[in-house]
Amino acid sequence: MAFPVDLRRCRLLGLAGTASLALGGETAGALPVEDLPAPASAQAATGLVGVYFGTVLLIAAWVLLGRLVRGPRPPGPRALLLVLAVWAAPLLLAPPLFSRDVYSYLAQGAMADAHLDVYTHGPAALGGPLADQVAPMWLHTGAPYGPAFLGLASALSALTGDRLPAGLLGMRLLALLGVALMAVALPRLARHSGADPAAALWLGALNPLVLLHLVAGAHNDALMLGLLGLGLVAARAPRFSLGALGAVLVTLAALVKVPAALGLLAVLVLQVRSGRRPLPAALTTAGAAAATTVAATALAGTGYGWIGALGTPVSPHNWAPTSLLGRATAALLARLGSGLAPLAVPAWQLFGLVAAAVAVALIWHRLRPQPVYALGLSLLAVAVFGPAIRPWYVLWGLFLIAAAAPSTSVRRRVAALAAVLALAVLPSGGPADAGRLALAVCGAVLGVIVLWQAHQAAQAPAPVPGRAA
């Protein structure tokens, strides 16, 4: 007998998962430094177990919901959006989870509001309670974000000052806005690409990575993806004004995080496919992008230092493939006594950038008639071959692959990758040690045991009326 699946059970199971995440995050999340419990304390251990327990429940709810979406009576987009809202609700007031980046956002916004150059100075130049929360790696590092995001962060800083709870809530609301835009764009892009809108929402918006990192982590990638998706929706319309609007929105996405600039290529192809001639479409796209860049930079008041900040250094312990290969090569060369060891990591990272460029060129050569899908694969290639990678970077490509993947097998592979990556980062955002890893495994195993017991109880035969126990 199969485990009974219905929309209500999926909704409640996912809600239990995110509620456990929120509760566990109260002692194991990326808390303000003054609220951090001792790493070996019972509170931190219990919270870490609770977070991984909740993550396993959330992944299970998402997988079961996927069975419903692929079933004979799938839920519609509206029902799925309600599920998304229910699952996200407990995370709204939870502490930041899986990363301390949101504290960097707040400090950089305060710097921009104080007219400090965020591209040449790190948050250490700001000082005060906001800078105290920033991870040491980024204290002396300039912002790698564009003026559109920093302008929003500056406005938020003007509203909240150094009141940390208000600032965190404001950043999470910005992230929720981005997720809402993603959810609006996905069904429309899916219909345009000949895909199932419900399946697109399931993979692209209800994905555990979205809830864990874009909602709970409040990453600005949510805003980038929301603007990118909305821009692609506008660009596919035949009207000239909407084509230009698409270029404006995609440019704003790139002025949050630069990888979205690849979306301008998709905007151009979509305009040509909607009936516009290539040269006018190219001029419109380039003109709208240039005007938007100038206007956004002037309004933010940050200048064009963000162009030079694209080379912002990455963590020396980053687990991007090129960084891993670079460190391994450096260790080997050092053991052999070679003076080339310091060049190994930069050489591999340069190779990765070249590989990403080649991959993008090949993707567009083969898949130009499918611009949304080609863009999704291109962004995934940039994330994988880039010098830095985090689990939420995979969402750059996954979001658009969800909307335009031509086959179920592609969706299944991407879904499996997302489920694995959902377990890849500790809720504090810090490095793993043996003790924390053991606690995380205990929480995940506890979640599996609870799910197995529920499965066994569902398979147990119903008692026969009138028969003695």
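Residues numbered from 1 in each chain as written. Predicted model: local features only at pLDDT ≥ 70, side-chain atom pairs only at ≥ 80, totals over all residues. Heavy atoms only, no water.

1. Quick word on the overall build of the chain
Basically, it comes down to this: Helix numbering and strand numbering both begin at the N terminus, where a helix is a DSSP run of H or I of at least 4 residues and a strand a DSSP run of E of at least 2. This radius of gyration counts C-alpha atoms alone. The globule rule is 2.2 Å times how many residues there are, raised to the power 0.38. Throughout this description, buried means an accessible area under 20% of the type-specific maximum (1.4 Å probe, protein chains only), exposed means over 50%, and partly exposed covers the range between.
Looking only at helices and strands, the chain features 20 helices and zero strands. Relative to the compact-globule value of 23 Å for 469 residues, the chain shows a C-alpha radius of gyration of 23 Å, a close match. Considered along the principal axes of its C-alpha atoms, the chain spans approximately 80 × 55 × 55 Å. Here the chain holds 469 residues, and 52% of them are scored as buried.

2. Here we look at the confidence of the model for the chain
Stated formally: pLDDT expresses how confident the predictor is about each individual residue, on a scale running from 0 to 100.
Across the chain, pLDDT averages 89, with 94% of residues at or above 70. Mean pLDDT in the chain bottoms out at helix α14 (residues 305–308), which sits at 78, and peaks at helix α9 (residues 208–215), which reaches 96.

3. Let's talk about the pattern of salt bridges
The test is simple: Whenever Lys or Arg places a side-chain nitrogen within 4 Å of a carboxyl oxygen from Asp or Glu, that contact is recorded as a salt bridge.
Taken as a whole and judged by the stated rule, the model has three salt bridges. Here D6 and R9 are joined by a salt bridge, their closest N and O atoms 2.9 Å apart. Judged by its relative accessible area of 42%, R9 is partly exposed. Where R436 meets D433, a salt bridge forms, and the shortest distance between an N and an O atom there is 3.9 Å. Looking at D433, the relative accessible area reads 38%, which means it is partly exposed.

4. Details of helix α6 (residues 147–160)
Definition in use: Expected span, for any helix, means 1.5 Å times one less than how many residues it has.
For α6, spanning 14 residues, the distance from its first C-alpha to its last is 19 Å, which sits close to the expected 20 Å at 1.5 Å a residue. By the burial criterion, the buried members of α6 are P147, A148, F149, L150, A153, S154, L156, S157 and T160. Looking one or two residues beyond α6, the residue adopting positive phi is G161, at roughly 60 degrees.

5. Regarding the side chain of Q271
What counts here: A contact between two residues is defined here by any heavy atoms of the two lying within 4.5 Å.
Examined against the element boundaries, Q271 turns out to sit in helix α12 (residues 263–273). Residues in contact with Q271, not counting those within four places in the same chain, are A235, G243, R276, A281, T284 and T285.

6. Comments concerning the packing of helix α4 (residues 101–113) against α6
Condition: In this analysis an axis means a line fitted to C-alpha atoms, helices contributing only their contacting stretch, and an angle means the value between N-to-C directions, from 0 to 180 degrees. Relative orientations are named as follows: roughly parallel for angles under 35 degrees, roughly antiparallel for angles over 145 degrees, roughly perpendicular for angles from 65 to 115 degrees, and oblique for any other angle. We call Asp, Glu, Lys and Arg charged. Ala, Val, Leu, Ile, Met, Phe, Trp, Tyr, Cys and Pro are nonpolar, and the rest, Gly among them, are polar.
Viewed as axis vectors pointing N to C, α4 and α6 meet at an angle of 85 degrees, and their least axial separation amounts to 7 Å. Relative to α6, the element α4 is oriented roughly perpendicular. Note on element contacts: α6 touches α4 through F149, L150, A153, S154, L156, S157 and A158, opposite Y105, L106, Q108, G109, A110, A112 and D113. Residue composition of the contact of α4 with α6, grouped by class: nine nonpolar, four polar and one charged.

7. Remarks on helix α3 (residues 77–88)
What counts is decided by this rule: The arc in question is formed by the directions pointing from the helix axis toward the C-beta atoms.
Here α3 contains 12 residues, and its C-alpha end-to-end distance of 16 Å stays within 8% of the 16 Å for a straight helix at 1.5 Å per residue. L80, V83, L84, W87 and A88 are the residues of α3 that are buried. For α3, the angular spread of the buried residues around the axis is 125 degrees, confining them to a single face.

8. Here's the deal with the packing of helix α2 (residues 42–69) against helix α8 (residues 197–204)
Interhelical geometry of α2 versus α8 gives an angle of 170 degrees and a closest axis separation of 10 Å. One finds that α2 runs roughly antiparallel with respect to α8. Where α2 approaches α8, its residues W62, L65, G66 and V69 are matched on the opposing element by A198, A199, W202 and L203. Of the residues belonging to the contact of α2 with α8, the class tally is seven nonpolar, one polar and no charged.

9. A look at unusual backbone geometry
Despite not being glycine, H115 has its phi angle at roughly 60 degrees, a positive value. Relative to the helices and strands, H115 is located in the loop between α4 and α5 (128–132). A positive phi is found at A218, a non-glycine position, where the angle reads about 55 degrees. Among the structural elements, A218 can be located in the loop between α9 and α10 (221–235).

10. Observations regarding the nonpolar core
Put simply, the test is: Only buried residues count toward a nonpolar core. Its members are Ala, Val, Leu, Ile, Met, Phe, Trp, Tyr and Cys residues joined through side-chain atoms within 4.5 Å.
In this structure, W62, L65, W87, M171, L228, L232 and L400 are the most contacted members of the largest nonpolar core, which totals 134 residues. The element contributing the most residues to this core is α2, with 14 residues. Non-local contacts of L228, meaning those with residues more than four positions away in its chain, are made with V250, A253, A260, G263, L375, L379 and L400.

11. Some remarks on the packing of aromatic side chains
Our working rule: Any pair of Phe, Tyr and Trp rings, taking the six-membered ring for Trp, is counted once the centres come within 6.5 Å. Such a pair is stacked with planes under 30 degrees apart, edge-to-face with planes over 60 apart, and tilted for the rest.
Per the counting criterion, the structure on display carries seven aromatic pairs. Between Y105 and F149 the ring centres are 5.0 Å apart and the planes differ by 75 degrees, which places this aromatic pair in the edge-to-face class. Taken as a pair, Y105 in helix α4 and F149 in helix α6 lie far apart in primary sequence, 44 residues in all. The same class applies to Y105 as to F149, namely buried. On the basis of an interplanar angle of 85 degrees and a centroid distance of 6.1 Å, the ring pair of W392 and Y393 is categorised as edge-to-face. As far as burial versus exposure is concerned, W392 and Y393 are alike and both buried. The structure contains a cluster of three or more aromatic residues connected by ring pairs, namely Y105, Y145 and F149.

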